[in-house]
Amino acid sequence: MCIRDSYNVDIQHKKKLNCRIICDTLDLTKKGRDFNTQQEALFQNNYGQGKVEMKMRHQVNDYFKQNIGRVALFGVFTVCVSFFAPLKSFQLKWLIDSKSKQEAFAYLGLVFLITFLSWFFETLSRRTFTKLACEAVEQIRGRIMGGVLRRSVAQYNQEGDASYLSLLTTDLRTLYDDYYMSLFNLVFWGGIMVCALVLYLYISPVLLVAVFLVTIPPLVLPRRMNAKLKQARDDFSRQMAAYTQQLKELLGGFELIRAFLREDAYDSWHRAAAHQAEENECTYQQSLNAVIVNTSLISNLIFPVILLIGLLLVFDGKITLGTMSTAASMANFVVTPCNQIAQNYAKLKSSRGIRERLETAMSDSGDETNGMELARIAQVECEHVGFTYPAAADAVLTDASLCAEDRQKIALIGESGCGKSTLAKLLFQYYPGYTGHIRFNGQEVRDIDRTALYRRVGYIAQKTVLFNDTLRNNICLREDFSDEQLARAVENAGLTTWVKSLPDGLDTVISEGGKNLSGGQCQRIGIARLALRQYDLVIADEITASLDPDTAQQVMQNLLSLPCMAIVITHDVSNSMICLLYTSDAADEARSVD
């Protein structure tokens, strides 16, 4: 064992800390080189060459454009219901003006047919559009989540997961209610209103002019209040994103709050946040209510106006009493559309900010780059590396240097805050804005394609992320591996005996976050993920920090037994750790020789 290099790291409190890099060099024998050649062939066979996709600007209406045939079908159904719905009003004219019982019964049969056809086409119209809207929301949700999963860590941390949760829940719900369904109502009720106006023209041009003049104010009012409604809706959306973040933190700290008996304090904190969200929602709903009630008042004036003009026309002998009854009845097909058009137009315009945020999120496809490919990693070199986190006053890492080759095992040891974990994340391409040089095989890490890098380098953190899924899926991460590969990875991670003791084996369901597992079991699952993929380099960041000494030594032994280069970050400078590094190095050398 030897000290290969050392460097000083500036921490935020202006102290200097000497961080030791403990490593040992392995001389690769011919058999070791053969193993690496086989591993390189396996990599190329499994992954091949990456492809780069061009970014495009997605819109919330893309799904409708892609299904223009179904949209046209919806249009046909809507035209049919727009015609038959107001036509039902003529039943009074036909029955009152009938000259015989037989004619009256014939018209009554026609009324039943028109009523049925109206119901039938309305059902088809609503079902067709609802299906399209739901599938459009699904497409948007998929695009957003796909983009989020491909973002860089720096971008993800900057935006915050609460903003994504708000987009995928509250904002998509708003998109469906206030945009898609508003579009439907504008087309549906607009079509009915147009057909009703045409029928008024058929009855009497004087009635048409009167109806047209009275319908203008309800349609103009929402435009006057559009800016206020949009501002209220945007404020509510932003407040819900902030509330979602607070709620996530509150629920995440459940055990902490209980342990410190702070239930009342955080209950009050939540109530204040919930009250603020309620106030923003109330402001929006009250603005919308103002549009609704004012429009309703003006729209309801249509009926008495039509009734008055109709009676005057009847007294002048220009229309019959039956026709006047039909004109009065058909006023509903003008009043109701006016209300619906005014309300839904206001909702549609107020959703603009949300639509823009969703389209921006969909169009941001993440950090896909046309970076360089990466061959099997033979050397990792850091030269005078420095880094400062965004908005931080001082550098967390200054003038850090190290060099690792082939299958060396390296330990980075130092006090908390000296920059060890930051260096590990820089090696894993978390943040591109570092100074100095970080090279893999002589290639700058920021210039390497992320997919190519991540297929060569594995990373395991202090807390292993586990999903509420089977043990198999938690290890494979929904990637296809043979049973033989999986069994070998489980064995390398020291999980074989435990897996055999489980009633369902690898199909045993793990609780969210591994709540039904011990800390050592969680970390071994993380090691199994690394062993399964046969990385060239494994970076382990404090994976034994929360484990007892015996479990920590076993977990570290499982990690260091992997036949690859390893950079281990640890606080443990005990003799057992040093011996473990010696043992691991000797074991690797023995495997290479044998």
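What you see is a predicted model, and the numbers here were worked out from it, not measured in a lab. (Residues numbered from 1 in each chain as written. Predicted model: local features only at pLDDT ≥ 70, side-chain atom pairs only at ≥ 80, totals over all residues. Heavy atoms only, no water.)

A. Structural detail: unusual backbone geometry. A positive phi angle is found at D406, which is not glycine, with a value near 50 degrees. With respect to the helices and strands, the residue D406 is situated in the loop between β4 (397-405) and β5 (409-413). Judged by its relative accessible area of 21%, D406 is partly exposed. One non-glycine residue, N441, lies in the positive phi region at around 55 degrees. (Helix = DSSP H or I, 4+ residues; strand = E, 2+ residues; numbered from the N terminus. Buried < 20%, exposed > 50% of the residue type's maximum accessible area, 1.4 Å probe, protein only.)

B. Structural view of the pattern of salt bridges. All told, the structure shown has 17 salt bridges when counted by the stated rule. In this structure, the salt-bridge partner of R472 is D507, at a minimum N-O distance of 3.4 Å. Taken together, the residues span a long stretch of sequence, with R472 in helix α18 (residues 471-476) and D507 in the loop between α20 (496-501) and α21 (519-533) at a distance of 35 residues. Taking relative accessible area as the criterion, R472 reaches 27% and is therefore assigned partly exposed. (Salt bridge = Lys/Arg side-chain N within 4 Å of Asp/Glu carboxyl O.)

C. Geometry of the sheet that holds β4. On the basis of which strands lie adjacent, the open sheet formed by 4 strands has the order β4-β3-β6-β7 and antiparallel pairing. Whereas interior strands pair on both sides, the edge strands pair on one side only; in this sheet they are β4 and β7 (443-444). Judged from the 2 bridges that link them, strand β6 (residues 435-440) and β7 form a sheet pairing that is antiparallel. Considered in β7, the bridge of R439 is made with E444. (Pairing = 2+ DSSP bridges.)

D. Region of interest: helix α22 (residues 549-560). In this model α22 runs 16 Å from its N-terminal to its C-terminal C-alpha over 12 residues, within 8% of the 16 Å that 1.5 Å per residue would give. When α22 is considered as a whole, its buried residues turn out to be T551, A552, V555, M556, N558, L559 and L560. (Expected span 1.5 Å × (residues − 1).)

E. Highlighting the side chain of K420. Structurally, K420 can be placed in helix α16 (residues 420-427). Of the side chains bearing the opposite charge, E542 lies closest to the buried K420, which forms no salt bridge; the N-O distance is 4.1 Å. Not counting chain neighbours up to four residues away, the residues in contact with K420 comprise L412, I413, G414, E415, E542, I569, T570 and H571. (Lys, Arg positive; Asp, Glu negative; His and termini not counted. Contact = heavy atoms within 4.5 Å.)

F. How the structure looks around the nonpolar core. Of all hydrophobic cores here, the largest spans 65 residues; its most connected members are Y180 and Y200. Looking at this core element by element, the count peaks at 19 residues for helix α7 (residues 161-203). Counting 38 residues, the second-largest nonpolar core is a separate cluster that includes L466, I475, L502 and A552. (Core = buried A, V, L, I, M, F, W, Y, C linked by side-chain atoms within 4.5 Å.)

G. Broad picture of the confidence of the model for the chain. Summing up the model confidence of the chain, the mean pLDDT is 78 and the portion of residues at 70 or higher is 82%. The model gives residues 1-54 a pLDDT under 50, and that stretch makes 119 contacts with residues more than four places away or in other chains. Confidence drops under pLDDT 50 across residues 585-594; counting only partners more than four residues distant or on other chains, this segment forms 19 contacts. (pLDDT = per-residue confidence, 0-100.)

H. Summary view of helix α12 (residues 302-315). Here α12 is 14 residues long and its end C-alpha atoms lie 20 Å apart, about the 20 Å a rise of 1.5 Å per residue gives. Within the span of α12, buried status applies to I302, I306, I309, G310 and L313. One side of α12 carries all its buried residues, which in axial view fall inside an arc of 105 degrees. Pointing more than 90 degrees away from the buried face of α12 are the exposed residues L308 and F315. (Arc of directions from axis to C-beta.)

I. Local environment of the packing of helix α3 (residues 68-87) against α7. α7 packs onto α3 with a crossing angle of 45 degrees between their chain directions and a minimal axis gap of 8 Å. Here α3 lies oblique to α7, going by the angle between them. Between α3 and α7 lies a crossing whose hand is right-handed. In contact with F74, T78, V81, S82, F83, A85, P86 and L87 of α3, α7 contributes F184, V187, F188, G191, I192, C195, A196 and L199. Residues belonging to the contact of α3 with α7 are distributed by class as follows: 13 nonpolar, 3 polar and no charged. (Axes fitted to C-alpha atoms, helices over the stretch in contact; angles between N-to-C directions. Parallel < 35°, antiparallel > 145°, perpendicular 65-115°, else oblique. Left-handed = near helix turned anticlockwise from the far one by under 90°. Nonpolar A, V, L, I, M, F, W, Y, C, P; charged D, E, K, R; others polar.)

J. The pairing of strand β10 (residues 565-570), seen in detail. Counted residue by residue, β10 has 6 buried out of 6 residues, so it is predominantly covered. Of the two faces of β10, both are covered, the one formed by M565, I567 and I569 as well as the one formed by A566, V568 and T570. By the bridge criterion, 5 bridges tie β5 to β10 in an arrangement that is parallel. Bridged to K409 within β10 is A566. Direction of pairing for strand β9 (residues 537-541) relative to β10: parallel, over a ladder of 5 bridges. Note that in β10 the partner of V538 across the bridge is A566. Taken together, β9, α22 and β10 form a β-α-β motif whose crossover is right-handed. (Right-handed = clockwise from strand over helix to strand, strands pointing away.)

K. Spotlight on the environment of Q534. Its place among the elements puts Q534 in the loop between α21 and β9. Exposure remark for Q534: the relative accessible area of 31% places this residue in the partly exposed category. For the pair Q534 and C564, spaced 30 residues apart in sequence, the C-alpha to C-alpha distance is 7.8 Å.

L. Quick peek at the environment of G191. Take G191: it is sitting in helix α7. Taking the relative accessible area as the measure of exposure, G191 reaches 17% and is therefore buried. Between the alpha carbons of G191 and C80 there is a distance of 9.4 Å; along the sequence they are 111 residues apart. Look past the residues within four positions of G191 in its chain and what remains in contact with it is S82 and L186.

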